[in-house]
Amino acid sequence: MINLKPIIISGKEVFPLVEGGKGINGSDGRSSGAWAHENCVGTFSGVSPDYYDNEGHVIFERYLKKDRKERHEEMIEQSIKGGIAQAQVAHEVSGGNGRIHMNMLWELGGSEAILNGVLEKAKGLIHGVTCGAGLPYRLGEIASRFGVYYYPIVSSARAFQVLWKRAYNRFVEYLGGVVYEDPWLAGGHNGLSNAEDPNSPQTPYMRLVELRKVMNQLGLEEKPIILAGGVWSLNDWKDYMDNPDIGKIAFQFGTRPMITKESPISDAWKKLMLHLKNGDVVLQKFSPTGFFSSAVKNTFLERLMTRKQGEVSFVAEANGDYTHPLKISETKTVYIKPEDAEKAQRQINSGYTEIKETPDSTVVFLTPNEWKQMKEDRKNCVGCLSQCQFSSWSQANGSTGRLPDPRSYCIHKTLYDVSHNGSIMDNLLFAGHQVYRFATDPLYRNGIPSVKELIDKIKCGE
Ligand SMILES: Cc1cc2nc3c(=O)[nH]c(=O)nc-3n(C[C@H](O)[C@H](O)[C@H](O)COP(=O)(O)O)c2cc1C
Ligand code: SF4
């Protein structure tokens, strides 16, 4: 039996159970409101959230401007409307219970403007903001200005220390807690640092103890750590509870709430997840943000993986090991190693005839259709990220100055599409590495549970 004691989160006593924010539209007002309704914490995503017309129908994103910078402004405007709409839905569904949080991706283009815009117009509806992917230095200042609690998402004690020293020490009151997200297990983007090996996962225990030690040294004994990544059943985490080395702790569930009645993802996506096996989720680095991320190995991801496997390094002028000419366009020939010649030819023979340079002096091979689509996706870029490896868009300068990377993809397009009934095979499906547990968990044997049913089971440790 689990002895789950309520704790104070964002100024209110609630159960220490949190629904993780999931963009785009992977967690919304309906799901977060349902979690709050059960006196837990629900988190809607602030990344391109849906908003509605007077009849309650979703207004699909529209981009009317030709210029990418102007489309970026349109994206911000629509995201603010969406954030406000989801906060209102969440508030209504919650019945005033629990806590409602909003999730922001710091590396989202215009993240500060979106946060400011939503918090300004949704006063009293949002109690906390969680923010990861990058180092959200300005989060503390923005949230404190609106009297809203803030929760940086970090994957190491060191990352929190950096944030604290540079900014958060001045905004202690509204620091609600720290989300520790396991960079080897969590769904979505993963905060692996250069020093950490994606193939050598570390258990969270010592990393949490270290984080708590740092927090205590800074006088943050009362602030909870919210553990995210690989949390399925609390029976697995008994030694983390009532443990003085870890202190106050809450548990964040990202993947598991995706199969609930209130979860906004499509039925096809839920059905697919119910049948996944261990190993079907891959930790990889194709995201245009440059971060690692964890997603289901479907057609979309497999294609990126084979493209990467087919990658060949080159030089512009023949020298040393690079002596084999490879014509990559009507006007350009580069030189590859003779031992790569067969690999290149095999791809060309299989129809991957568009040979495209990456920013790392390598080439990858695409079909003419893939290349056509890639050009189209870049043309339609709405500047959703502060910097994008796929299109070279940069919010600060218009361009990163680097070559657009054909090993990556437009994350905005694919996440928006899959969250609006798009293909579950040809789009990116973020998921945590424990997703295979759906297949054997008895909770899902008789159909899809409601959020209340899921939380009741979680409270029993199941
Ligand atoms: C489909 C999906 C989308 C996600 N999107 C975001 C996001 O936009 N921002 C974020 O901070 N975390 C995001 N996450 C991470 C979750 O909030 C949560 O921390 C993580 O899923 C916990 O690990 P778990 O998947 O093992 O439960 C996402 C996770 C999933 C599965
Ligand atoms: S190409 Fe796509 S992912 Fe990159 S900034 Fe533009 S909209 Fe975002």
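Residues numbered from 1 in each chain as written. Chains lettered and ligands numbered in written order. Predicted model: local features only at pLDDT ≥ 70, side-chain atom pairs only at ≥ 80, totals over all residues.

## Some points on the overall build of the protein
Across its full length, the protein carries twelve helices and 22 strands. Relative to its length of 462 residues, the protein is compact, with a C-alpha radius of gyration of 23 Å against a globular reference of 23 Å. Projected onto its principal axes, the C-alpha positions of the protein cover 65 × 50 × 45 Å. By the burial criterion, 50% of the 462 residues in the protein qualify as buried. Excluding contacts between residues fewer than 6 apart, the proportion of contacts in the protein whose partners are at least 24 apart in sequence is 68%. (Helix = DSSP H or I, 4+ residues; strand = E, 2+ residues; numbered from the N terminus. Rg over C-alpha atoms; globule rule 2.2 N^0.38 Å. Buried ≥ 20, exposed ≤ 12 C-beta atoms within 10 Å, placed from the backbone. Contact = placed C-beta atoms within 7 Å.)

## Topic: the packing of helix α5 (residues 157–166) against helix α6 (residues 204–217)
Where α5 meets α6, the closest approach of the two axes is 9 Å, and the angle between their N-to-C directions is 25°. The pairing of α5 with α6 is recorded here as roughly parallel in orientation. Seen from above, α5 lies across α6 with right-handed handedness. Contacts between α5 and α6 involve A157, F160 and Q161 on the former and, on the latter, E210, L211 and V214. Split into classes, the residues belonging to the contact of α5 with α6 amount to four nonpolar, one polar and one charged. (Axes fitted to C-alpha atoms, helices over the stretch in contact; angles between N-to-C directions. Parallel < 35°, antiparallel > 145°, perpendicular 65-115°, else oblique. Left-handed = near helix turned anticlockwise from the far one by under 90°. Nonpolar A, V, L, I, M, F, W, Y, C, P; charged D, E, K, R; others polar.)

## Structural notes on the sheet that holds strand β14 (residues 281–284)
Judged by pairing direction, the sheet is antiparallel, and its three strands sit side by side in the order β11-β15-β14 without closing on themselves. Of all strands in the sheet, those bounded by a partner on one side alone are β11 (188–190) and β14. In this sheet, neighbouring strand axes are inclined to one another by 25° on average, regardless of whether the strands run parallel or antiparallel. (Pairing = 2+ DSSP bridges.)

## Thoughts on the site of ligand 2
In the region of ligand 2, 14 residues are neighbours, and C381, C384, C388, S391 and C410 sit closest. Top element by residues in the shell around ligand 2 is helix α11 (residues 411–418). It accounts for three residues. Taken together, the residues of the shell around ligand 2 break down into ten nonpolar, three polar and one charged. (Near = placed C-beta within 6 Å.)

## Observations regarding the domain arrangement of the protein
One can read the domain layout of the protein as domain 1 (7–266 + 436–459) and domain 2 (312–406). If you average the C-alpha positions of domain 1 and of domain 2, the two centres end up 36 Å apart. Between domain 1 and domain 2, the contact holds ten residues from the first and nine residues from the second. When the residues that make up the side of domain 1 that touches domain 2 are grouped by side-chain class, the tally is three nonpolar, three polar and four charged. (Domains from an automatic or database assignment.)

## Quick look at the site of ligand 1
Near ligand 1, the surroundings consist of 28 residues, among which G20, G187, G188, G254 and G432 are the closest. Every element with two or more residues in the shell around ligand 1 is listed here: β7 (99–105) and β13 (249–253). Partitioned by chemical class, the residues of the shell around ligand 1 number ten nonpolar, 16 polar and two charged.

## Some words on the packing of helix α2 (residues 68–94) against helix α3 (residues 111–121)
Packing of α2 against α3 leaves a shortest axis separation of 9 Å and a crossing angle of 40°. The pairing of α2 with α3 is recorded here as oblique in orientation. Every pair of crossing elements has a handedness; the one defined by α2 and α3 is right-handed. For the pair α2 and α3, the contacting residues are I76, S79, I80, G83, I84 and A87 in the first and A113, I114, G117, V118 and K121 in the second. Considering only residue class, the contact of α2 with α3 consists of seven nonpolar, three polar and one charged.

## Examining the sheet that holds strand β19 (residues 354–357)
Here we have five strands laid out as an open sheet, ordered β17-β18-β16-β20-β19, and antiparallel in their pairing. If you trace the sheet from one side to the other, it starts and ends with β17 (324–327) and β19, each paired once. Strand-to-strand twist of the sheet, defined as the mean angle between neighbouring strand axes without regard to direction, takes the value 45°.

## Thoughts on the environment of D405
Considering the arrangement of structural elements, one finds D405 in the loop between β22 (398–399) and α11. Along the sequence, D405 and R212 sit 193 residues apart, while their C-alpha atoms lie 39 Å from each other. The contacts of D405, once residues within four sequence positions are left out, are T358, P359, Q389 and F390.

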